[in-house]
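Here's the letter readout for the chains.
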Amino acid sequence: MTSRKPQRRNFSGMSYREVQRSNSRRREQLPKQRRVWLKKNGYKNVGWENVIHLYQKINELIAESDDEPTLEELFLQADRIGKKYQTSEELESFKQQMTAEVNAISTIIDQQFPETDVEVIDYRQSSNARMKNKFSREKYN
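Read on for a plain summary of the structure. On a predicted model such as this, the values are computed, not experimentally measured, just so you know. (Residues numbered from 1 in each chain as written. Predicted model: local features only at pLDDT ≥ 70, side-chain atom pairs only at ≥ 80, totals over all residues. Heavy atoms only, no water.)

### Re the pattern of salt bridges
Piece 1. On inspection of all chains with the given rule, the structure shows 4 salt bridges.
Piece 2. Arginine 35 is the salt-bridge partner of glutamate 28, the closest N and O atoms lying 3.2 Å from each other.
Piece 3. One salt bridge connects glutamate 60 with lysine 57, and the closest N-O pair in it is separated by 3.2 Å. With a gap of 3 residues between them, glutamate 60 and lysine 57 both fall in helix α3 (residues 48-67), about one helical turn apart.
Piece 4. A residue is classified by how much of its surface remains accessible, and glutamate 60, at 42% relative accessible area, is partly exposed.
Piece 5. The exposure class assigned to lysine 57 is buried, which follows from its relative accessible area of 17%. (Salt bridge = Lys/Arg side-chain N within 4 Å of Asp/Glu carboxyl O. Helix = DSSP H or I, 4+ residues; strand = E, 2+ residues; numbered from the N terminus. Buried < 20%, exposed > 50% of the residue type's maximum accessible area, 1.4 Å probe, protein only.)

### Focus on helix α1 (residues 16-29)
Piece 1. Across its 14 residues, α1 extends 20 Å between first and last C-alpha, which sits within 8% of the 20 Å expected from 1.5 Å per residue.
Piece 2. Regarding α1, the residues found buried are Tyr16, Val19, Gln20, Ser22, Asn23 and Arg26. Within α1, the buried residues cover an arc of 165° as seen down the axis, which keeps them to one side. Turned more than 90 degrees away from the buried face of α1, the exposed residues are Arg17, Arg25, Glu28 and Gln29. (Expected span 1.5 Å × (residues − 1). Arc of directions from axis to C-beta.)

Take a look at the structure:
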């Protein structure tokens, strides 16, 4: 009888260590909140089953993040589309209206929250020492 070596287990053509390295590299590319979520929900990079589950979950998270544009990207895209279908006169008119609205809002804010008093705060330590000395003299006199 010949002794046979145990057959090495592979996942997606990678050995255990290769899957672990892949998980570590790809997990670092995820945003911090996703990494915290993975840790909180028990996805570990130790043990064949855990490594495989983590690999699959990272694939899902990467696919999700590619599909969903950020809010900033959506606003920029909407702005580009809007400018595409407007004439230069319409764009100039919009800019003027926007400036007028911003000025109107700023005057209303200034009326409701006027700053007529100027407040001066002295953070020097010497002024505190004078106050302490003044109080201490008054107490003991």
